[in-house]
Each structure stands twice: as C-alpha cells, then as structure tokens.
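Spelled out, the chains give:
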Amino acid sequence: MVKTTIIARVSDGLPLAASMDDEQVETELAEYKGQAKSIFKRLNVNSEPRCSIESGPYVFHYIIEGSVCYLCICDKSYPRKLAFSYLEELAKEFNMSYGNEVEKPGLRPYAFVKFDTFMQKTKRIYQDTRTQNNLTKLNEDLQDVTRIMTKNMEDLLWRGDSLDRMSHISGELKDSAKMFKDKARHLNLQALYRKYGPPAIIVSVILGVLLIRYYLF
C-alpha cells in the first residue's frame, strides 16, 4: 500500500506538500522520510524522470513533471504500475492547481498543504489493489514499468550512486555490451560446432571402428 507522499521542487528540494500521516505511520517512517529528503537533495534537471529506490521493507517511487518531483513510499509488495499511476494523477491535479506558483520567489515549505485533501482521496482509491478500478489499471498497458530505473538506497546514500539520466544510460550500455559479448561468444561456438562438428564425429566413428576391429580381430 501507499504509506506516504511528498511533493518537492526539483531545483532546491523545497517541500511543497505532503500527506498528513497518523502518529503510527510517522513513527514507522521517520527514518525513511529522512531518506526521502536526501533523494530530493540529489535531484537536478539531469535526473532520471522516473525511478524506484528500494530501502528495507519499502520502495520509494518518484516521477518528475516539469520542475516538481512527486514521491511516494510504498510497501515492497505494492505494484509498481499502480504506484506510478497514482503519482501521475497527483502530478496532473497539482500542476492544474498550483503549477504557476511553484517557482515563485520566497515560497515557504509546504506552501500547498491544502493539496493533502486530494492526496488522501486519491490514496484511498489506490489502497486496495483488488478493486475493479485498480485491477483494470494493472491490466492496462499504461507504461513499461520494467524499464524504469531501480536503485538501492544504500548504493545511493553511501556509495555515491547517481540518479542522473546519463548514469542510467551508461549502465544500460554496459549491460547491453555484456549481453552482446555473451551472445557473440555463443554464436562463435555454434559456428565452430557447425564447421568442425561433423568431421569430428566422422573421425570418432572411424577410430571407434578401427579400435573395435583391432581388439576383436
């Protein structure tokens, strides 16, 4: 399920809105909300526009639309497709309501706290993955979430991993190069088998016949 949601400005990580969580959720997610702030600080214009970041029992999903980042923390079992569909609905409504105000100078943190009303309403719709509406969303080919970059929080915070788009592309190129190399090796082996396999079999059969004749006769 979606545990909490935070909306922030990409340029400086300024929190614009956040879901109002009860005391239990606040206690459970205190550490992870701190990690969310670290993610916002790492974002820039070159950041991957969609990403999932795994951390303990949770996954941070975020999308960047314009100059705003929409992030939610979900249980690991919650479907990625629903998480990103949820964020897209928030982005659409937030942009319509406050899009022109986001870059205003002197904007205070959580300036759009009233947006929580829409977030809570939308969150309730997405909580139960078994409802017909959500099952329909899961079955629709809304987007290929398998291509969305996935990171690990430990790599991001402690090993200097990057959220930049070029870093992701570089990683994909490395994976593609390795895949191509493995495929080329496999094709070369197949070519060798086709070229030398039949003669080797024939030679083996002749040697076998000669050995049998030698020992029997």
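- Going by an unreviewed UniProt entry, the chain carries the name Protein transport protein SEC22 and comes from Phascolomyces articulosus.
- UniProt annotates the chain under Sequence similarities (unreviewed entry) with the comment "Belongs to the synaptobrevin family."

Some remarks on the pattern of salt bridges
Then, in step 1: Applying the stated criterion across every chain yields a total of 6 salt bridges.
Then, in step 2: With a closest N to O distance of 2.8 Å, D21 and K33 form a salt bridge. Pair noted here: D21 is in the loop between β2 (15-18) and α1 (23-42) and K33 is in helix α1, with a separation of 12 residues, a long-range link.
Then, in step 3: Since its relative accessible area comes to 17%, D21 is described here as buried.
Then, in step 4: Taking the relative accessible area as the measure of exposure, K33 reaches 16% and is therefore buried.
Then, in step 5: Notably, a salt bridge pairs E65 with R50, separated by 3.9 Å at the nearest N-O pair. Here R50 lies in strand β3 (residues 50-55) and E65 lies in strand β4 (residues 58-65), a separation of 15 residues in the sequence.

Conventions we followed
Residues numbered from 1 in each chain as written. Predicted model: local features only at pLDDT ≥ 70, side-chain atom pairs only at ≥ 80, totals over all residues. Heavy atoms only, no water. UniProt positions renumbered as here; feature names shortened; annotations may be inferred. Salt bridge = Lys/Arg side-chain N within 4 Å of Asp/Glu carboxyl O. Helix = DSSP H or I, 4+ residues; strand = E, 2+ residues; numbered from the N terminus. Buried < 20%, exposed > 50% of the residue type's maximum accessible area, 1.4 Å probe, protein only.

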